Amino acid sequence: MVSQSHDSVSHTCGHTHPDGHVCWGGGGDASTHHHRLEVSNLRVTYREVLALDHIGFATECGRSIALIGPNGAGKSTLLKSLAGLIPADSGSILWRGKPLTRSSHEIAYLPQRGDIDWNFPITVRGLVEMGRYPNLGWWRSFSSHDNEIVERALAAMNLHDIQDRQISALSGGQQQRTFIARALAQEAHVLLLDEPFTGLDKPAQENLSKLFRELTREGRLLIASHHDLQTAPKIFDGLLLINRSQITFGTMNEAFTPEAIASAYGEK
């Protein structure tokens, strides 16, 4: 279990359930279930290659976890597995005590920016509205409630001024904020981000770091792959260190040690 960030930041949106979790929708059973992600003995084969083995950890909403390991360690595969995009060979992934499925709208996956077609003809607002689609079901049109959620997501990410801009015209930081806004519109409890800081200039990185602290404080669980060992302890409060198998998991103070890093990166 990792410690919660205690940074003093303002709450930009939502309301908090008794368990500390933010939910904009006002419905569901969030107040009666513990928002806990549990991974047990996970083994994943990807394209006929053993990508992950012996992965096991448990954490909760209100945490931010840095997923760290060398190139080819299986970080992207793990995030996709947690999102339900890649099936596991064995082991289990439980969210709130139940098997995680791909259809769970409470989990949002944000791919690497390089994997996204930024020339797709859609505006910022249109992309954020896509976050509501899992909640709509077949043939249901947007309601005033759905529009309210979209408005809150745009406001939370300070995107109102550019909501009509095509995504191809966005800066790197604006792109990341737009995809996070889509996750907020989805009312996701868990955000899985693949190298979100890559390609951002220093001001954009600092803004994204502040945003992570706000989202964590609001009660969401963030798990993000990250390659910069120097900045990780400043951004995240927990560490999951892997190299195909799990090296260590815990708070930054517990897990971010020279011995663990050397073990993950094969240094002697």
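Predicted model, so just to flag it, every value in this text is computed and none were measured. (Residues numbered from 1 in each chain as written. Predicted model: local features only at pLDDT ≥ 70, side-chain atom pairs only at ≥ 80, totals over all residues. Heavy atoms only, no water.)

Visitor: Hey, could you run me through the overall build of the chain in this one?
Guide: When helices and strands are tallied, the chain shows nine helices and ten strands. Relative to its 268 residues, the chain shows a buried fraction of 51%. Across the chain, contacts joining residues at least 24 apart in sequence account for 69% of those joining residues at least 6 apart. As presented, the chain carries roughly 12600 Å² of accessible surface, and 48% of it is formed by carbon and sulfur atoms. (Helix = DSSP H or I, 4+ residues; strand = E, 2+ residues; numbered from the N terminus. Buried < 20%, exposed > 50% of the residue type's maximum accessible area, 1.4 Å probe, protein only. Contact = heavy atoms within 4.5 Å. Areas by Shrake-Rupley, 256 points an atom, 1.4 Å probe, with all protein chains shown as cover.)

Visitor: Even after reading the chapter, I still don't get the packing of helix α5 (residues 172–185) against helix α6 (residues 202–217), so can you show me in this structure?
Guide: When two helices pack together, you describe them by how their axes are tilted relative to each other and by the distance separating the axes. Running from N to C, α5 and α6 point in directions that differ by 15°, and their axes come no closer than 10 Å. One finds that α5 runs roughly parallel with respect to α6. As α5 packs across α6, the resulting crossing turns out to be right-handed. Residues G173, R177, I180 and L184 of α5 form the contact with α6, whose own contacting residues are A204, L208, L211, F212 and L215. Looking at the contact of α5 with α6 residue by residue, the class counts come to seven nonpolar, one polar and one charged. (Axes fitted to C-alpha atoms, helices over the stretch in contact; angles between N-to-C directions. Parallel < 35°, antiparallel > 145°, perpendicular 65-115°, else oblique. Left-handed = near helix turned anticlockwise from the far one by under 90°. Nonpolar A, V, L, I, M, F, W, Y, C, P; charged D, E, K, R; others polar.)

Visitor: What am I meant to see in α6 here?
Guide: Residue pairs three or four apart in sequence face the same way in an α-helix, which turns once every 3.6 residues. Taking 1.5 Å of rise per residue, 16 residues should cover 22 Å, and α6 covers 23 Å from first to last C-alpha, within 8% of that figure. When we look at burial in α6, the residues that qualify are A204, L208, S209, L211, F212, E214, L215 and T216. As for α6, its buried residues are in contact with β3 (64–68), α5, β7 (190–193), β8 (221–225) and α7 (232–235). For α6, the N-terminal cap is D201; the gap from its side-chain oxygen to the backbone nitrogen of A204 is 2.9 Å. Two residues or fewer past α6, G219 is found with a positive phi of approximately 110°. (Expected span 1.5 Å × (residues − 1). Polar contact = N/O pair within 3.5 Å; in protein donor to acceptor, adjacent residues only side chain to side chain.)

Visitor: Which parts of the structure should I look at to understand the packing of helix α4 (residues 144–156) against α5?
Guide: Close contact between α4 and α5 brings their axes to 8 Å; oriented N to C, the two are set at 145°. For the crossing formed where α4 meets α5, the hand is right-handed. Here I149, A153 and A156 of α4 come into contact with α5, specifically with A181, L184 and A185. Considering only residue class, the contact of α4 with α5 consists of six nonpolar, no polar and no charged.

Visitor: Would you mind showing me how to read unusual backbone geometry here?
Guide: A negative phi angle characterises most non-glycine residues, just as the trans form characterises most peptide bonds. For R47, which is not a glycine, the phi torsion comes out positive at approximately 55°. Since its relative accessible area comes to 68%, R47 is described here as exposed.

Visitor: Is there a simple way to think about the packing of aromatic side chains in this case?
Guide: For any pair of aromatic rings, the description rests on two quantities: the centre-to-centre distance and the angle between the ring planes. For the coordinates displayed, the defined rule picks out four aromatic pairs. Judged by centre distance (5.4 Å) and plane angle (80°), the rings of W118 and F179 are edge-to-face. Highlighted residues: W118 in the loop between β6 (107–110) and α2 (124–129) and F179 in helix α5, separated in sequence by 61 residues. Residue classification places F179 among the buried residues on the basis of a relative accessible area of 7%. Consider the rings of F197 and F212, whose centres lie 5.4 Å apart with planes at 75°: the pair is edge-to-face. One end of the pair, F197, is in the loop between β7 and α6; the other, F212, is in helix α6, and 15 residues separate them in sequence. An identical accessibility class is assigned to F197 and F212; each is buried. (Phe/Tyr/Trp six-rings, centres within 6.5 Å; stacked < 30°, edge-to-face > 60°.)

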